[in-house]
Amino acid sequence: MEISRERLHDILSNIDAPLLNLGFFDADQQERIEKHFTERLPQRIINAIDDVEERFSQNKSSLSFFRNSSASESSNSPLKWDNISSEEKADLLKYFARVSRSFGGYSNSEREKLKRMPIYQTAEGKCVRLQSRRGGNGDSTNNELQTYYTISPNISSNDFPLSQKSKSKVLELPKSRECRELYQDLSIQSLEEDNLVEKFVV
């Protein structure tokens, strides 16, 4: 089911994403502005979110001497990702996934920016970023360049019970076709039985 415009607005508002309030414009301007910004809207949202976090990362790197190594997700981002639930993050993923292979899809740059959003749920139930953002001093601020995988739908989870540590490296396989296609477009490796045994059992 497609996420509604109202729910998308609520999710973005709850993380303090940059939003444009059309109430400040005249009625005739509102229509033109809305038409302009709704063209390739998912891509505009991706770029806006990444721009905010990139500026924060650059500013923070200059103060890295004072950084607390036990910092939470919220302290590593100006956006309040902890304010939304895993279900809301899943809805955000579905929203971005619906244009992954339609309406022109995403550029390589936009796919890289998507990887930096903490909206990918692991088998242990935590939402993570697929790619770290490096600050100006070269420090990695997220996930320490962790690689994540999915498990092929041909494999039963009962046949290969994973440890808690392994679950933190495995993403839940999305139910929707669009989300699975997005995972493929983001180059998330799906493990077959041999790969699974090699990485998490042997």
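Above this text is the structure in question.
Small disclaimer: the values here were computed from a predicted structure and weren't measured.

Conventions adopted
Residues numbered from 1 in each chain as written. Predicted model: local features only at pLDDT ≥ 70, side-chain atom pairs only at ≥ 80, totals over all residues. Heavy atoms only, no water. Helix = DSSP H or I, 4+ residues; strand = E, 2+ residues; numbered from the N terminus. Buried < 20%, exposed > 50% of the residue type's maximum accessible area, 1.4 Å probe, protein only. Contact = heavy atoms within 4.5 Å. Patch = residues over 30% accessible without salt bridge, like charges linked within 9 Å, V, L, I, M, F, W, Y side chains within 5 Å. Areas by Shrake-Rupley, 256 points an atom, 1.4 Å probe, with all protein chains shown as cover. Salt bridge = Lys/Arg side-chain N within 4 Å of Asp/Glu carboxyl O. Lys, Arg positive; Asp, Glu negative; His and termini not counted. Charge placed at Lys NZ, Arg CZ, Asp CG, Glu CD. Polar contact = N/O pair within 3.5 Å; in protein donor to acceptor, adjacent residues only side chain to side chain.

Q: How would you explain unusual backbone geometry if you had to name every residue and give the values?
A: Positive phi, normally seen in glycine, also occurs at Asp 16, with a value near 65°. The residue Asp 16 is located in the loop between helix 1 (5–14) and helix 2 (27–38) in this model. Taking the relative accessible area as the measure of exposure, Asp 16 reaches 42% and is therefore partly exposed. Within the chain, Ser 187 stands out as a residue other than glycine whose phi angle is a positive 60°. Topologically, Ser 187 is positioned in the loop between helix 7 (177–185) and strand 4 (189–191).

Q: If you had to explain the environment of Ala 17 to someone new, which residues and values would you point to?
A: If you trace the backbone, Ala 17 turns up in the loop between helix 1 and helix 2. On the basis of relative accessibility, which here comes to 9%, the residue Ala 17 falls in the buried class. Once the C-alpha coordinates of Ala 17 and Val 52 are considered, the two residues, 35 residues apart in sequence, prove to be 8.2 Å apart. Excluding anything up to four places from it in sequence, Ala 17 contacts Leu 12, Ile 49 and Leu 79.

Q: Please provide a residue-by-residue account of a negative patch on the surface, values included.
A: There is a patch of like negative charges on the surface, built from Asp 159, Glu 192, Glu 193, Asp 194 and Glu 198. With respect to the secondary-structure elements, Asp 194 resides in helix 8 (residues 193–200).

Q: Can you explain the side chain of Arg 129? Please cite residues and give values.
A: Its place among the elements puts Arg 129 in the loop between strand 2 (127–128) and strand 3 (149–151). Residue Arg 129 is classed as buried on the basis of its relative accessible area of 2%. Here the side chain of Arg 129 touches Glu 53 through a polar contact of 3.1 Å, side chain to side chain. In this structure the side chain of Arg 129 is engaged in a polar contact, spanning 2.4 Å, whose partner is the backbone oxygen of Arg 116.

Q: I'd like a description of the pattern of salt bridges, backed by residues and values.
A: Pairing is possible between side chains that carry opposite charge, provided their charged atoms lie close to one another. Considering all chains together, one arrives at nine salt bridges under this definition. The salt bridge partner of Asp 91 is Arg 7, with a shortest N-O separation of 2.4 Å. Of this pair, Asp 91 sits in helix 4 (residues 86–97) while Arg 7 is found in helix 1, placing the two residues 84 residues apart along the sequence. Two residues, Glu 53 and Arg 129, come together in a salt bridge whose shortest N-O distance is 3.1 Å. A residue pair is termed long-range when its members are at least 10 positions apart, and Glu 53 in helix 3 (residues 41–61) and Arg 129 in the loop between strand 2 and strand 3 qualify at 76 residues. Among the charged side chains, a network of salt bridges with common partners joins Arg 7, Asp 91 and Lys 94.

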